[in-house]
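Topology and contacts: notes
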Amino acid sequence: MLITCPYCGPRDVIEFTYQGDGNRERPDPASQNFEAWNAYVYDRLNPAGDHNEIWQHSGGCRAHLKVVRNTLTHEISSVAFVRGDHGRGDHGSAARRKAEDKA
Amino acid sequence: MSPRRTDTGGRVDRLKTIRFTFDGVPYTGHAGDTLASALLAKGVTLFGRSFKYHRPRGLLTAGVEEPNALVTVLKGEVREPNIPATMIEIHDGLVAISQNRFPSLAWDINAVNQLGGKILSAGFYYKTFMGPVFGPLKGTRFWMFCEHFIRRAAGLGNAGSAKDPARYERMNAFCDVLVVGSGPAGLMAAKAAADQGVRVMLADLEPRFGGSANWSDETIDGAPAADWARRTIAQLEGRDNVRLLPRTTVWGYYDNNTLAALERVSDHKEQPAKGEPRHRYWAIRAKSVVLATGAFERPLVFPGNDRPGVMLAQAAERYANEFGVLPGERIALFTNNDSAYRVAVALKKAGAAVVAIADIRPELSPEMRKLAAEAEAEIFAGHAVVATEGGKALSGLKLQRFDMTNGTLTGDARSIHADCLLMSGGWSPTIHLASQAGAKAEWNAARQAFLPPKPTQKWIGAGAFTGSFSTTEAIAEGRAAGLAAARGQSTPAVLPVVEAVPGDPDPAPVFEIRANGKSFVDFQHDVTAEDVRLAHREGFVSVEHLKRYTTLGMATDQGKSSNVPGLAIMAEALGKPIPEVGTTRFRPPFAPVSIGSLAAERFGDLKPERLTPMHDWHLAHGATMYSAGLWYRPMIYGHAGETIEQAYVREAKATRESAGIVDVSTLGKIAVQGPDAALFLDRVYTNMFSTLAVGKARYGLMLREDGLAFDDGTTWRLGEQDFLMTTTTANAGKVMQHLEYFLDMIWPELKVHVTSVTDEWAGAAIGGPKARQILATCVTGTAVDNAALPFMGIVNGEVAGVPVMICRLSFSGEMAFEVYCGAGHGTHVWEALVEAGKPFGLVTYGLEALGTLRIEKGHVTGAEIDGRTTARDLHLDWMLSKKKPFIGSAMMDREGLIASDRLELVGLIALDNRPLNGGAHIVEELDEANPHGSIGHITACCYSPALGKHIALALVKGGKARQGTRAHVSDPLRNRFGPVEIVSNHFFDPDGSRMHG
Ligand SMILES: [Zn+2]
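Residues numbered from 1 in each chain as written. Chains lettered and ligands numbered in written order. Predicted model: local features only at pLDDT ≥ 70, side-chain atom pairs only at ≥ 80, totals over all residues. Heavy atoms only, no water.

Looking now at the overall build of chain B. If you tally the helices and strands in chain B, you get 23 helices and 54 strands. Taking 997 residues into account, the globule formula puts the C-alpha radius of gyration at 30 Å, and chain B, at 39 Å, lies well above it. Sorting the 997 residues of chain B into buried and exposed places 59% on the buried side. The long-range share in chain B, meaning contacts at least 24 apart out of those at least 6 apart in sequence, stands at 66%. Split by element, the accessible area of chain B, about 40,000 Å² in all, is 54% carbon and sulfur. Here chain B contributes 105 positively and 108 negatively charged side chains, and the mean placements of these two sets differ by 2 Å. (Helix = DSSP H or I, 4+ residues; strand = E, 2+ residues; numbered from the N terminus. Rg over C-alpha atoms; globule rule 2.2 N^0.38 Å. Buried < 20%, exposed > 50% of the residue type's maximum accessible area, 1.4 Å probe, protein only. Contact = heavy atoms within 4.5 Å. Areas by Shrake-Rupley, 256 points an atom, 1.4 Å probe, with all protein chains shown as cover. Lys, Arg positive; Asp, Glu negative; His and termini not counted. Charge placed at Lys NZ, Arg CZ, Asp CG, Glu CD.)

Attention shifts here to the interface of chain B and chain A. How big an interface is tends to be stated in terms of the accessible area lost upon association of its parts. Listed as interface residues are 23 residues of chain B and, on the opposing side, 30 residues of chain A. Summed over both sides, the interface of chain B with chain A buries roughly 2,400 Å², with 51% coming from carbon and sulfur. When the area that chain B buries against chain A is broken down by residue, the three leading residues are B:Tyr741, B:Asp744 and B:Met745, summing to 24%. Summed over the shared surface of chain B and chain A, the number is four salt bridges. Of the charged contacts, one joins A:Arg62 and B:Glu740 as a salt bridge, the two residues approaching to 2.7 Å between their closest N and O atoms. Put simply, chain B and chain A have twelve residue pairs in polar contact (both at pLDDT 80 or more) between them. Top element by residues in the side of chain B that touches chain A is helix α19 (residues 732-746) of chain B. It accounts for nine residues. Looking at side-chain class alone, the side of chain B that touches chain A contains 13 nonpolar, two polar and eight charged residues. (Buried area = accessible area lost by both parts, 1.4 Å probe. Salt bridge = Lys/Arg side-chain N within 4 Å of Asp/Glu carboxyl O. Polar contact = N/O pair within 3.5 Å; in protein donor to acceptor, adjacent residues only side chain to side chain. Nonpolar A, V, L, I, M, F, W, Y, C, P; charged D, E, K, R; others polar.)

Residue and element names in this part refer to chain B. Strand order in the open sheet formed by three strands is β34-β36-β35, with mixed pairing between adjacent strands. In this open sheet, the two strands that pair with only one neighbour each are β34 (610-611) and β35 (623-628). As defined by bridge partners, β35 adjoins strand β36 (residues 631-637) across six bridges and the pair is classed as antiparallel. The partner of Ala628 across the bridge, within β36, is Trp631. (Pairing = 2+ DSSP bridges.)

Let us look at the sheet that holds strand β31 (residues 498-499) of chain B. Either a parallel or an antiparallel arrangement is found when strands of a sheet pair, and the pairing is made through backbone hydrogen bonds. All names here are of chain B. The strand order across the open sheet built from three strands is β12-β11-β31, with neighbouring strands paired in antiparallel fashion. Of all strands in the sheet, those bounded by a partner on one side alone are β12 (223-224) and β31. Across two bridges, the pairing between strand β11 (residues 219-220) and β31 is antiparallel. From the neighbouring strand, Ile220 faces β31, where its bridge partner is Val498.

With that settled, the discussion passes to the packing of aromatic side chains. Residues and elements named next belong to chain B. Taken as a whole and assessed by the stated rule, the structure comprises 20 aromatic pairs over all chains. Seen in terms of ring centroids, Trp459 and Phe465 are 5.7 Å apart; in terms of plane orientation they differ by 85°. Their pairing is edge-to-face. What makes Phe465 buried here is its relative accessible area of 0%. An aromatic cluster is present here, built from Phe680, Tyr741, Phe742 and Trp747 joined pairwise through their rings. (Phe/Tyr/Trp six-rings, centres within 6.5 Å; stacked < 30°, edge-to-face > 60°.)

Residues and elements named next belong to chain B. With respect to the helices, strands and loops of the structure, Ile644 is situated in helix α17 (residues 644-657). Sequence spacing of Ile644 and Glu848 is 204 residues, and the spatial spacing of their C-alpha atoms is 8.4 Å. Every residue in contact with Ile644, bar those within four places of it in the chain, is listed here: Met635, Ile636 and Glu848.

This part takes up the coordination of the zinc ion. All names here are of chain A. Bound to the zinc ion on the protein side are Cys5 (SG), Cys8 (SG), His57 (ND1) and Cys61 (SG), at distances that span 2.0 to 2.3 Å. Around the zinc ion sit four donor atoms; with metal-centred angles ranging over 102 to 119°, the donor geometry is tetrahedral. Read from N- to C-terminus, the donor residues coordinating the zinc ion fall into the pattern C-x2-C-x48-H-x3-C. Of the two residues, Cys5 is situated in strand β1 (residues 2-5) and Cys61 in the loop between β4 (50-56) and β5 (64-70); the sequence distance between them amounts to 56 residues. The buried category is assigned to Cys5, whose relative accessible area is 2%. (Donors = N, O, S within 2.8 Å, 3.2 Å for Na, K, Ca; no water. Tetrahedral: all angles 85-135°; square planar, octahedral: opposite > 155°, others 65-115°.)

What the domain assignment reports for chain B is domain 1 (13-109), domain 2 (168-295 + 429-499), domain 3 (305-425), domain 4 (668-756), domain 5 (760-840) and domain 6 (895-996). The distance between the C-alpha centroids of domain 2 of chain B and domain 5 of chain B comes to 69 Å. (Domains from an automatic or database assignment.)

Over its 14 residues, α17(B) extends 20 Å from the first C-alpha to the last, a length consistent with the 20 Å expected when each residue adds 1.5 Å. Within α17(B), burial applies to B:Ala647, B:Tyr648, B:Val649, B:Glu651, B:Ala652, B:Ala654, B:Thr655 and B:Arg656. (Expected span 1.5 Å × (residues − 1).)

Next up on the list: the confidence of the model for chain B. Mean pLDDT for chain B: 93, with 95% of residues reaching 70 or above. Note on the complex model: pTM 0.81, ipTM 0.86. (pLDDT = per-residue confidence, 0-100.)

For the rest of this paragraph, the subject is the pattern of salt bridges. Residues and elements named next belong to chain B. Counted by the stated rule, this structure contains 54 salt bridges over all chains. As a salt-bridge pair, Asp176 and Lys287 come within 3.2 Å of each other at their nearest N and O atoms. With a gap of 111 residues between them, Asp176 in strand β9 (residues 168-180) and Lys287 in strand β16 (residues 279-291) connect regions that are remote in the sequence. By relative accessible area, Asp176 is classed as buried at 14%. Overall, the relative accessible area of 48% leaves Lys287 in the partly exposed class.

All names here are of chain B. One way to put it is that helix α6 (residues 313-321) packs onto helix α7 (residues 339-350) with a least axis distance of 9 Å and a crossing angle of 30°. Classified by the angle between their axes, α6 and α7 sit roughly parallel to one another. In terms of crossing hand, the pair formed by α6 and α7 is left-handed. In this structure, α6 uses Ala313, Ala316, Glu317, Ala320 and Asn321 to contact α7, whose residues at the interface are Ala340, Arg342, Val343, Ala346, Leu347 and Ala350. Within the contact of α6 with α7, the residues separate by chemical class into eight nonpolar, one polar and two charged. (Axes fitted to C-alpha atoms, helices over the stretch in contact; angles between N-to-C directions. Parallel < 35°, antiparallel > 145°, perpendicular 65-115°, else oblique. Left-handed = near helix turned anticlockwise from the far one by under 90°.)

In structure tokens form, the structure reads like this:
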């Protein structure tokens, strides 16, 4: 699998560390909403198809990347820097809506 | 009568004689021979014994799909089993032996298994050996008794136990177009792509490029097909944008058009050339792939179809035309399609007598009748072979009239005398790589074959692979595929003109002749048509279950010749059309791959070594080094005659009595800098850092998001916006990644930069009652007294002319200081400190003493912060700030994490004064015979010189409430049982008076 880091270019997956489901939304730090915290810490989407994922280019520029990967074909349709997105911009919400629509 | 070498013809060099042995018998062959062709030329027809029944077996094929003729090659001490004789190029000194026979190939005592054929039918192992015991000869225990004998009788060759001295290589390659297969389609594709100027790789598993051109009687552009192939290859060879890979099996098609290939670089040589590996593993990233992998001919399923002398028609064509070997003198053919007729002509031309062609079809085209006449063969249209005769070699066969509409046999059997029977059951495109790439094959009723699916990755098919079986089609498709793969413009071109015998590519839809006797579907695993039907009668309907139950197609040939006939028989039993039964998905590898090639150069100890700046000094001063993760750290500085225990006890004792110094350069160090650094640390640590004064350090604890403890360490405030965080040695990388994640993902608005500076600093911790005095004698530029350097204070100064940063903090519980300097000055400063300590009795100490001092103090490390414990479990709840949220604060108070029966940190004292063991269980009631009732375990233990006792830290259920009570260690593995007292983890100097001084 190749991931095209926006900074470093196409690199082998061995240079990257998977950092989990990119659809998670971290509750406000002071929030005591236990359901929301539980969902953030433990719930993961597991779609058969396009999935929003976070990968860190740990063997390269160390940036965190939001990657859309098809879990059936491993095809990567988009890679972008996470930073500036707060990890909960369009990236997460769009896929979550999609998952909710399906359910 | 027997097989023999022809006087002329073939691509072997009759002037070059090669000597080799098979089962100890010396043979000769010619350059260009395979082991199969060379032995066949000498009249050898018996190559092996079958898997279950030990039936004699000969060559079925001439290529990679060979299921029968598997041999073991011996090279020195090394034995490599299960190699098809058809894939071994002979060389001088080659030593090969046959397999699965005892005591010899010709006289095999297990052949008696044939008589018990019914017993060893499908599912025999499951039925006999699985489940509970009813009677003496059933069940799992019976299997355990029989396994040794069965494994010896059934199976393949034995792997050797000697270390493989061969060298293997891995190569990463990139190209625009990878062409797999070098028949006419592949050659045209490679040439068309290369003409576009792109980077082309052409791989073929055979040593000779050309594929079917090497054995067909066709002409291309007026020359023999093989000459046309030679010319085309010569054109490719000269180009610097083309890489040719003969003897290279492309065996895996992975994501992103990454393909795996095995190049057998020097197996065909007596000795590899200097620097040459045995095998080379290619990881090829191709922008686009042309699959021109051809097709495999299928056997027909009829009684006795496995007798030596029965082979595939195309194999005979190859032996005759490519190797100049006639597989028999009197040859009969049995076919359901036209392709066998050109083989009849080829064998006639090569000098054999073609005595009969039995064709399942009642009607034959005039062209086929003409070819049969050319071969001087008698035609038996609407006939089938119902039996074969002979022992270890074929002597004849029986024909009967056959009605292909209903499968019935009528009339009297007619005997035909023949020493070789060639069969053709149609063709299956070699779609393995396409299937691996991700899509489902599609059944084509006319071709009676699975054709390649629509591409799911960037590949284009050409030639027989697509079901286009004629060379004319192969050439046109090959060129088109090559152009498309290279993204070239399709220009009209004059294609090479092929002159070939005519033929209909569609076979009759018949796979099996049902008559009495064993009809083999899977030759390598000895699966018969009746086994498939038995599986169906027993309720197996899924093709995947059928495969596993009968083991059909699960041998090392992966059913290359047996999958489609097996499926057809299953479909018939189920009363369903073949596409509804479905095909199984092909998985890598296409053909067996040497494990050595996968490891290539990457074997042995590949771990990088991390050495501290003072590493050489430690070695020079008697340190025994210990590998801690990637780091090497001194374990003890042993004196002559000392045991490890004596050494660490001496070091720890001296530290508490005078002073000790230890290398702490391995601690993780992260520079946390920026306007929001303090705010960031408040969120990362459970306790406050924004309130920390510049020039002071604080002990911090981190939790994970789920509220469990993660890591601990001190963080030093060097400036308003400048912190130096230290982590445990083991977690340095994880903590760095943790910080980066939160800065990038969660709080990108924070102006903070984190930098790993572990390798930038050398560190020495010097502790003990004399530590301050020692520093006072060697540190300049600053005072080190209590006023200038209070507990947790930081000062800058110099040691031996080198700038140092000193923080007064203690892990040992003594008055202690960590002295940091630039890594390049590490040894210089270390030596100066050691020198300054000499008058004060300073000792160097290692990890063992470090551990002892920390156990005495009850400090936690990774053994206690084990990913399951909370801050409360470790009595660190005083560090959980209530004034602010932090990572893990929302989750740390969950019910299960605050329960009173959680494992909590305690101290243990051995009441029997004997050593304790890490990992030993703690129990309330001792029961040595039946150990049970664990209430916890020991995480770390030592002999404490300060207490004069064997002590330990442990995690014990409700441990805090148990302090002052007794329990027992229960360690049946090491036979260590005995009473302990549960105490506080703070064994020594609990109020910290020593470190505060
Ligand atoms: Zn990068």
